[in-house]
Amino acid sequence: MASAAQRRIKAISYAKYGYMFIAPFFLVYCFFQIWPLIYTFILSFKGNQANNAAWVGMENYSTILFGKGSSAGAAATHAEFAKALGNTFVLWFGNFIPQILLSLLLAVWFTDAKVKLPGKGFFKIVMYMPNIITAASVAALYVNLFGDSKNYFINATLMHMGMEEPIKFVTDPTNSKIMVMFIQTWLWFGNTMIMLMSGIMGISPSLFEAADIDGANSTQQFFNITLPLLQPIMVYTLVTSMIGGLQMFDLPYLFHNGANFSKELETVAVYIYYNFNKGTVEQASYGYAGAASIIIFAITAVLGSITFYMNRDKDAIAKKKQRKKAEKQMKAKMKQGGLTI
Amino acid sequence: MSMKEQYGQQKDSYHAKIMAKSIAIMVVCIILTLICLVPIYILIVNATHSNQELVENPSQFFFGGSLKDNLNTLTSKLPDDASKHLRAVARQYSSAFSIGKGYLNSLIIAGFSTVLTVFFSAMTAYGLTIYDFKLSGAAYTFIIAVMMIPVQVSSAGFVRFMYTLGLVNSFIPLIVPAIAAPAVIFFMVSYMKSSFPAEIVEASRIDGCGELRTFITIALPMMKPAIAVQAIFAFVANWNNYYTQNMILKNEKYATVPIMVSKVLAFDKNTDQGVNFLCISLSILPIVVVYFILSKFIIAGVALGGVKE
């Protein structure tokens, strides 16, 4: 039986404490995230540079998306944004495919009970390491190793080995893209591998044992057990990586020689940053930056809702429905009996 | 052929197959390990060579003896007979890459952000799981929904807003927003749901303990494992955050480590290869050292994040 004190405590409503505990999060989030987001939205309907304060409606969107608009450089602005969007997808695709294949292969190997691999812990630690290094430093490191001329490590070493001409790793449009894809893969494959490993380890070992007894080889096991059961985590990895790809900034922005970023590596994030940093604070191109931001936001929202929909907890939803039904029935009964809670 | 012989043979070939596979995997893993470590090794090797050595032969594989000279150039501690050129080099590097100041600024930002992130995220998660209130479901759904919004999306408005408030060149826009970390809250809610006994809160109420005190003295210590994991990730993320820092901190006085690295990268005259590599080495040193100390713990944390759905 509950004591008097316990009953008294049960009778107190603690709801207000719930609101108090979550209040700081919501206050700060609204102030530093929601309002800036709304403000970005407003800015996307306003002019650029000297025309900063004027309301221009949808013009920024039509300029960057279709090249239509009253400003002189409308076509060029559109071309730049289209190129940035294209670069973003090329760079994302080019690092995601090798990254997921490599990570999946390693994750399957590392979780295979039959394979004897000494130093598994060490390999995991080393392969995850690039992920924690500052991306700005990684960009600087690779620029200084892969510089265009024979004065840099990689080209000098290759030329010692007999290569005739130095390879332009940094300034060549194609090579620099491949470099960014490679570095991005270098940074992220360890992280993806560990995530996929924990997914594979969540699969019941009895499934693999049963398949073994039935004579399935590793390839068959991979395609018929591992891959289908890994699907939720794969979708999650895919979408987080796509959203991460849309944000790609540090590497493409810093992988260059000299003072200005490389137009060949300009991603949407770089485009946004460049536009709201152009000239003085009052004269920056907030309109274009805002419109590009909102376009990215829309893409993210679509991607996000796909994962949200695919990963929703079906059991919990069913239970919730059942509970609500039961509650309704209870209430109806109580009304009939004239009872109050 | 006897039964034993037959099965023995099959067993042998099975073992041989597994052996071959293990060796192949080992080779691939060693190659990947080299790909991960060699750039870092070459970076450190090059930081110990003088500019002249690196210009004559950029392909250096072994440690040189100029680390101290490079450090002196970087900190502008030159001998009296230093050449005019060396003085210009030293002036350029020491003004853009003042490492003590960079470490301090990065440490202030990452340290305070981490404390705020884990404390307030734990608090929000606690509020959402312990208390039963009308909007708790809606609040949680909101947190999950906004979890994936990239920072870039609101940054144009953010910067302009910070200019209006006069908060540019201030650490406030880099530290205070850390209070609101949806992904960390999500992690902590899952942690609390799986391993936090809610009865303990009731017990503490019976003993007359206030709600906030219950949270701080009883719940927080019990959430230590989750807090530790998230603290490491929050620290690393804030230390490495070039984007927001570069957006807000325009004054050289407030430059953080990533900003300093990007400045060194932009030099186009009076460059010194050795000092360049030294700067990059110094910028990654603290985080790599901390990583190798806490690595097992970090790997376990990444794996936890992977099973969060």
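All values derive from a computational prediction rather than experimental measurement. (Residues numbered from 1 in each chain as written. Chains lettered and ligands numbered in written order. Predicted model: local features only at pLDDT ≥ 70, side-chain atom pairs only at ≥ 80, totals over all residues.)

1. Things to note about the overall build of chain A
Tallying secondary structure elements over chain A gives 15 helices and 0 strands in all. In terms of overall size, chain A is more extended than a compact globule, its C-alpha atoms giving a radius of gyration of 28 Å where 341 residues would be expected to give roughly 20 Å. Principal-axis analysis of the C-alpha atoms places the extent of chain A at approximately 90 × 70 × 40 Å. Per-residue burial for chain A yields a buried fraction of 41% across its 341 residues. (Helix = DSSP H or I, 4+ residues; strand = E, 2+ residues; numbered from the N terminus. Rg over C-alpha atoms; globule rule 2.2 N^0.38 Å. Buried ≥ 20, exposed ≤ 12 C-beta atoms within 10 Å, placed from the backbone.)

2. Notes on the confidence of the model for chain A
Residues of chain A with pLDDT of at least 70 account for 92%, and the chain-wide mean is 85. Of all secondary-structure elements in chain A, the lowest mean pLDDT belongs to helix 1 (residues 4-11) of chain A, at 64, while helix 2 (residues 15-43) of chain A reaches the highest, 92. (pLDDT = per-residue confidence, 0-100.)

3. Notes on the interface of chain B and chain A
If you look at the interface, chain B gives 78 residues, while chain A gives 84 residues. With 14 residues, the top contributor of residues to the side of chain B that touches chain A is helix 1 (residues 3-47) of chain B. (Contact = placed C-beta atoms within 7 Å.)

4. Observations regarding helix 12 (residues 224-240) of chain B
Compared with the 24 Å implied by 1.5 Å per residue over 17 residues, the 24 Å span of helix 12 of chain B between its first and last C-alpha is a close match. Those residues of helix 12 of chain B that sit buried are A226(B), I227(B), V229(B), Q230(B), F233(B), A234(B), F235(B), V236(B), N238(B), W239(B) and N240(B). (Expected span 1.5 Å × (residues − 1).)

5. Describing the nonpolar core
One finds A139(A), A140(A), Y142(A), F255(A), A292(A) and M188(B) to be the most contacted residues of the largest nonpolar core, which totals 166 residues. Examining the composition of this core, we find that 14 residues originate from one element, helix 8 (residues 173-201) of chain A, more than from any other. (Core = buried A, V, L, I, M, F, W, Y, C linked by C-beta atoms within 7 Å.)

6. Remarks on the domain arrangement of chain B
For interface size, the figure often reported is the accessible area lost on association. When its domains are assigned, chain B resolves into domain 1 (3-72) and domain 2 (97-266). On a C-alpha basis, the centroid separation for the pair domain 1 of chain B and domain 2 of chain B is 38 Å. (Domains from an automatic or database assignment.)

7. Re the packing of helix 2 of chain A against helix 7 (residues 152-165) of chain B
The N-to-C vectors of helix 2 of chain A and helix 7 of chain B enclose an angle of 95 degrees; their axes lie 7 Å apart at closest approach. With respect to helix 7 of chain B, the element helix 2 of chain A is oriented roughly perpendicular. Facing helix 2 of chain A, whose interface residues are Q33(A), W35(A), P36(A), L37(A), Y39(A), T40(A) and L43(A), helix 7 of chain B presents V153(B), S154(B), A156(B), G157(B), F158(B), R160(B) and F161(B). (Axes fitted to C-alpha atoms, helices over the stretch in contact; angles between N-to-C directions. Parallel < 35°, antiparallel > 145°, perpendicular 65-115°, else oblique.)

8. Section: the environment of Q33(A)
As for its placement among the helices and strands, Q33(A) is situated in helix 2. Judged by the 20 C-beta atoms lying within 10 Å of it, Q33(A) falls in the buried class. Those residues in contact with Q33(A) that lie beyond four places of it in its chain are S154(B) and A180(B).

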